[in-house]
Amino acid sequence: MPTIIYHNPRCSKSRQTLQLLAEHGVEAQVINYLDTPPSHAELERILQLLGLEPRELMRHKEAEYTSQRLDDPALTRDALIDAMVQHPRLIERPIVIRGKQAIIGRPPEKVLEIL
């Protein structure tokens, strides 16, 4: 079954998740999302698979969250997703997609739920 990981190599949790996948014999397609951000449509699909709203996938402590005023409740779903496309550091990591399931690897062992 194809497995994708949205990965940030500088993030220890992301590296641990990638290692955990390998230890379980899962060869994942690695997408360094900071270099290749997901499109708006891809983020919509990821959110649907995760069962989350855009703000739930955002890293609220990133400078971009504050500077873009993303805590404004008047912002639309599309505006929040567009912000993640433009500022991929806002996207929580790592995200693992396997078939029609997805999970955020925090802690890394959570990915075992979809293997």
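Structure: see above.
Residues numbered from 1 in each chain as written. Predicted model: local features only at pLDDT ≥ 70, side-chain atom pairs only at ≥ 80, totals over all residues. Heavy atoms only, no water.

1. A word on helix 2 (residues 40-50)
Our working definition: Three exposure classes are used, based on accessible area relative to the maximum for each residue type with a 1.4 Å probe and protein chains only: buried under 20%, partly exposed in between, and exposed over 50%. The helix and strand labels rest on DSSP assignments: H or I over at least four residues marks a helix, E over at least two residues marks a strand, and numbering proceeds from the N terminus. Of all possible arcs, the one meant is that of the directions from the helix axis to the C-beta atoms. The criterion used for residue contact is that any of the two residues' heavy atoms lie within 4.5 Å.
Among all positions in helix 2, only Leu43, Ile46, Leu47 and Leu50 are buried. Taken down its axis, helix 2 places every buried residue within 100° of arc, on the same side. When the buried face of helix 2 is taken as reference, the exposed residues oriented beyond 90 degrees from it are Ala41 and Gln48. Summarising the contacts, the buried residues of helix 2 are in contact with strand 1 (3-7), helix 4 (77-86), strand 3 (95-98) and strand 4 (101-104). One or two positions beyond helix 2, positive phi appears at Gly51, with a value near 70°.

2. A few points about the pattern of salt bridges
The test is simple: Should a side-chain nitrogen of Lys or Arg be within 4 Å of a carboxyl oxygen of Asp or Glu, the pair is scored as a salt bridge.
Under the definition given, this model contains eight salt bridges. Here Arg77 ties to Glu44 by a salt bridge, and the two come within 3.0 Å at their closest N and O atoms. Taken together, the residues span a long stretch of sequence, with Arg77 in helix 4 and Glu44 in helix 2 at a distance of 33 residues. A salt bridge links Arg59 to Glu62; the nearest nitrogen and oxygen atoms lie 3.2 Å apart. Looking at Arg59, the relative accessible area reads 18%, which means it is buried. In this structure Glu62 comes out as buried when scored by relative accessible area, which is 14%. Salt bridges sharing common partners tie together Arg59, Glu62, Glu64, Arg89, Glu92 and Arg106.

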